[in-house]
Amino acid sequence: MSASAAPRAAGDDPGTLLARLDALRAADLPVRGGRTMAYVYDSGLPGTEELATAAYARFAGVNGLDMTAFPSVVALENDLVRAAARLLGGTEATAGTFTSGGTESCLLAVLTAREHARRTRGVDAPEVLLPETAHAAFHKAAALFGLRAVTVPVDPATFRVSAADVAAALTDRTALVVVSAPSYAHGVIDPVAEVAAVSAARGVLCHVDACIGGWYLGHLRRAPDAPELPPFDLSVPGVSSLSVDLHKYGYTPKGASILLLRDAELRRYGWFAHAAWPGCPVVNATLQGTKSAGLPAAAWAVVEHIGTEGYTELARRVHRATGDLVRGIGAVDGLRVLGSPDASLVAVAADEPGLDPFVVADEIRQAGWYLQPQPAYGSSPATLHLTVTAAVAGEESVAALLEALTAAVSRARERGPAVVDPALRAAAAASDPDALTPEEIDVALGLAGIGTSGALPDRMAPVLAVLQAMPPRLTERLLPEVIGRLYRAGE
Ligand SMILES: *Cc1c(COP(=O)(O)O)cnc(C)c1O
């Protein structure tokens, strides 16, 4: 169904509207229950979502833009920043900012470093040094803020960057070095201490992207039976900033992340102030202007409610489940886990030529599980990504997942891999993404299995196979066309 029925002049009654919203949700993946193993995080704790919604409702109309008009916002954000700093190696000097999400935290880290490099080191053609596995948000930051992204390959077996490779890529123009704790694609922690040391030796800032894993790992290491974890937080010498999302393993509603910085002086480089206009002078710590205090309020309520003990217990459960899952997947014929996951994210590759991970994803989706396809890139083959959350951490759920996965693998084996027409592959390699005409784009999307309507097919493996066969720049040209066909004001 579509929401496109024009609003009635008189307006519908609330019951009808909520029913329409519920109907829209019918085609979505479930956000609770743990079977959607990307995008969503379910603590499985009853009442938490209701608490968050009630807290949000109380603050929804409060504007976080002006903390002098709404001092409650300062109190909420300071509490959250303090909690993150205490968990992740901060000191009395640590400063922080509540943001709308991991992407905004990463953007602000890069912007802060660019300004710091410009004003303290005179760097006017700044670079940001990124392991191949760094999150796309940092490439977005480089594109938006005019830095050159310098990519460093990672070890093809461990998927970690090496400090020696980072040291070799550092220049007088490097404004920031990024490491992941852990990386999204493979769930492994880069050698934070070693990389931060070589960066600091050159006077370069170092950001730890702990967006996905920071809240989880910070609590896990508090457990009496915690696994050995390498140091990864602000306490590591040379680490100047760290991002940690609350809307991932903090299990808060979406729109909640924290950027921690070593001190308020560094944080100040990323802020924006403007008084030269006839309106009220503006000071922005984030990229947004008007912003709802409902988000920090909901995050605050969930963080206070689950508490350190609660998060530690959730982390232990997730850790145990991830271990069971990794061992279980290792025992499934035809599959292997890439690298050695340090956290709760697992990348699964196929171990035999006739088995296509994307076909496995299609098959298991029909059984009610969503595993996220990750196309091959650099030294990483095509994989399926699994984010393990507390809701799937029960022994029974892991067993059910392994059973569904085993069955999906044998069906995928029978079906065979998605194949890409060699002529299409050759055409893709030869085409210039910047010179494509609208007609050529229509033809390309048709060949990829996507009609001009933009409707996505039930089976994604053939589409993903085509995407994977294209050079990334061509994919970057075509994907927005696909998505652009979904978003349009006309009927
Ligand atoms: C999720 C994630 C981000 C970006 O965060 P969003 O909340 O999706 O904007 C950045 N880095 C890593 C490692 C992530 O997993």
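Within an unreviewed UniProt entry, the label attached to the protein chain reads Aminotransferase class V-fold PLP-dependent enzyme, and the organism entered is Streptomyces olivaceiscleroticus. You can read under Cofactor (unreviewed entry) in the UniProt record for the protein chain the words "pyridoxal 5'-phosphate". Its UniProt record, at the heading Sequence similarities (unreviewed entry), says of the protein chain: "Belongs to the group II decarboxylase family. Sphingosine-1-phosphate lyase subfamily."

Colleague: Now, about unusual backbone geometry: what can you tell me, with residues and values included?
Modeller: A cis amide bond, omega -5 degrees, links A181 with the succeeding residue P182. On the secondary structure map, P182 appears in the loop between β4 (174-180) and α7 (192-201). A positive phi is found at F159, a non-glycine position, where the angle reads about 65 degrees. For F159, the position within the fold is in the loop between β3 (148-152) and α6 (163-169). The exposure class assigned to F159 is buried, which follows from its relative accessible area of 2%.

Colleague: Tell me about the environment of L424, residues and numbers included.
Modeller: The residue L424 is located in helix α13 (residues 422-430) in this model. The sequence separation of L424 and M470 amounts to 46 residues, and the corresponding C-alpha distance is 9.1 Å.

Colleague: Got a sec to walk through the packing of helix α2 (residues 48-59) against helix α10 (residues 294-330)? Specific residues and values, please.
Modeller: Contact pair α2 / α10: the axes reach a minimum separation of 7 Å and the direction vectors enclose 145 degrees. Pair α2 / α10 crosses with right-handed handedness. Contact residues: T48, L51, A52, A55, Y56 and F59 in α2; G294, L295, A297, A298, A301, V302, H305 and I306 in α10. Its residues placed into classes, the contact of α2 with α10 shows 11 nonpolar, 3 polar and no charged.

Colleague: Talk me through the sheet that holds strand β6 (residues 241-245); I want residue IDs and the actual numbers.
Modeller: Adjacent strands of a sheet pair through backbone hydrogen bonds, lying either parallel or antiparallel. Ordered in space as β1-β7-β6-β5-β4-β2-β3, the 7 strands form an open sheet in which the pairing is mixed. Edge positions in the sheet fall to β1 (95-99) and β3, since each has one partner strand and no second. Shown here is a sheet whose adjacent strand axes are inclined to one another by a mean of 20 degrees, direction ignored. When strand β5 (residues 205-209) meets β6, the two strands line up parallel, connected through 3 bridges. Along β6, the bridge assignment pairs D209 with S243.

Colleague: Any chance you could break down the sheet that holds strand β12 (residues 372-374) for me, citing the residues and the numbers?
Modeller: If you trace the 4 strands from one edge of the open sheet to the other, you get β10-β11-β13-β12, paired in antiparallel fashion. Single-partner strands in this sheet number two, and they are β10 (335-337) and β12. Here the average twist between neighbouring strands, direction ignored, is 35 degrees.

Colleague: Explain the packing of aromatic side chains to me, using residue names and the numbers behind them.
Modeller: A complete count under the given rule lists 5 aromatic pairs for this structure. For the ring pair Y41 and Y249, a centre distance of 5.4 Å and an interplane angle of 75 degrees mean the geometry is edge-to-face. Taken together, the residues span a long stretch of sequence, with Y41 in the loop between α1 (14-25) and α2 and Y249 in the loop between β6 and β7 (257-261) at a distance of 208 residues. An aromatic cluster is defined as three or more aromatic residues linked by ring pairs; in this entry it consists of Y41, Y216, Y249 and Y251.

Rules used throughout
- Per-chain numbering applies: the sequence of each chain, read as written, is numbered from 1 onward.
- Where totals are concerned, whole chains, interfaces and linings use all residues; where local detail is concerned, this predicted model gives features only for residues with pLDDT of at least 70, and gives and counts side-chain atom pairs only at 80 or more.
- Only heavy atoms go into the side-chain values, all of them from the structure, while hydrogens and water stay out.
- UniProt positions are given in the numbering used here, feature names are shortened, and annotations may be inferred rather than shown by experiment.
- The helix count covers DSSP runs of H or I at least four residues long, the strand count covers runs of E at least two residues long, and both are numbered beginning at the N terminus.
- The classification of residues rests on relative accessible area computed with a 1.4 Å probe and restricted to protein chains. Under 20% of the type maximum is buried, over 50% is exposed, and intermediate values are partly exposed.
- Interaxial angles span 0 to 180 degrees and are taken between N-to-C directions of axes, which are lines fitted to C-alpha atoms, for helices over the stretch in contact.
- The hand of a helix crossing depends on one turn: near helix anticlockwise from the far one by less than a right angle means left-handed, and clockwise means right-handed.
- Residue contacts are counted whenever heavy atoms from the two residues lie within 4.5 Å of one another.
- Classes in brief: Ala, Val, Leu, Ile, Met, Phe, Trp, Tyr, Cys and Pro nonpolar; Asp, Glu, Lys and Arg charged; the others, Gly included, polar.
- In this analysis, strands are considered paired if DSSP registers two or more bridges between them.
- Stacked, tilted and edge-to-face are the three classes assigned to paired rings of Phe, Tyr and Trp, where Trp is represented by its six-membered ring and a pair needs centres within 6.5 Å; plane angles under 30 degrees give stacked, over 60 edge-to-face, the rest tilted.

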